[in-house]
Amino acid sequence: MGKEVARIVMKYQGYGKNLDETRQLYGELRGLLKGKS
């Protein structure tokens, strides 16, 4: 799962450039975790 997390974080260049990108980032990370549970 680490590679997938790294890919998502790199896609948003860290925390995202603005609030909307940050929300999208955390949404994708949550979705990844829920999918792996």
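Note: the structure precedes this text.
Residues numbered from 1 in each chain as written. Predicted model: local features only at pLDDT ≥ 70, side-chain atom pairs only at ≥ 80, totals over all residues. Heavy atoms only, no water.

Engineer: Which residues make up the overall build of the protein, and what values go with them?
Structural biologist: Looking only at helices and strands, the protein features 2 helices and 0 strands. C-alpha atoms of the protein, sized along the principal axes, occupy 30 × 15 × 10 Å. A buried classification covers 14% of the 37 residues belonging to the protein. Summing over all exposed atoms, the protein offers an accessible surface of approximately 3,100 Å²; the carbon and sulfur share of this is 57%. In the protein, which carries 8 positive and 4 negative side-chain charges, the distance between the mean positions of the two groups comes to 5 Å. (Helix = DSSP H or I, 4+ residues; strand = E, 2+ residues; numbered from the N terminus. Buried < 20%, exposed > 50% of the residue type's maximum accessible area, 1.4 Å probe, protein only. Areas by Shrake-Rupley, 256 points an atom, 1.4 Å probe, with all protein chains shown as cover. Lys, Arg positive; Asp, Glu negative; His and termini not counted. Charge placed at Lys NZ, Arg CZ, Asp CG, Glu CD.)

Engineer: Which residues make up the packing of helix 1 (residues 2-11) against helix 2 (residues 19-36), and what are the values?
Structural biologist: The contact between helix 1 and helix 2 brings their axes to 10 Å, and the two run at 165 degrees. In terms of orientation, helix 1 lies roughly antiparallel with respect to helix 2. Crossing angle aside, the handedness with which helix 1 passes helix 2 is right-handed. Counting all contacts with helix 1, which are made through E4, V5, I8, V9 and K11, the residues of helix 2 involved are L25, E28, L29, L32 and K36. (Axes fitted to C-alpha atoms, helices over the stretch in contact; angles between N-to-C directions. Parallel < 35°, antiparallel > 145°, perpendicular 65-115°, else oblique. Left-handed = near helix turned anticlockwise from the far one by under 90°. Contact = heavy atoms within 4.5 Å.)

Engineer: I'd like a rundown of the environment of I8, residues and numbers included.
Structural biologist: Mapped onto the fold, I8 is located in helix 1. Of the residues examined, I8 reaches a relative accessible area of 3% and is grouped as buried. In sequence terms I8 and L29 are 21 residues apart; their C-alpha atoms lie 7.5 Å from each other. Not counting the four nearest positions on each side in its chain, I8 is found in contact with L25, E28, L29 and L32.

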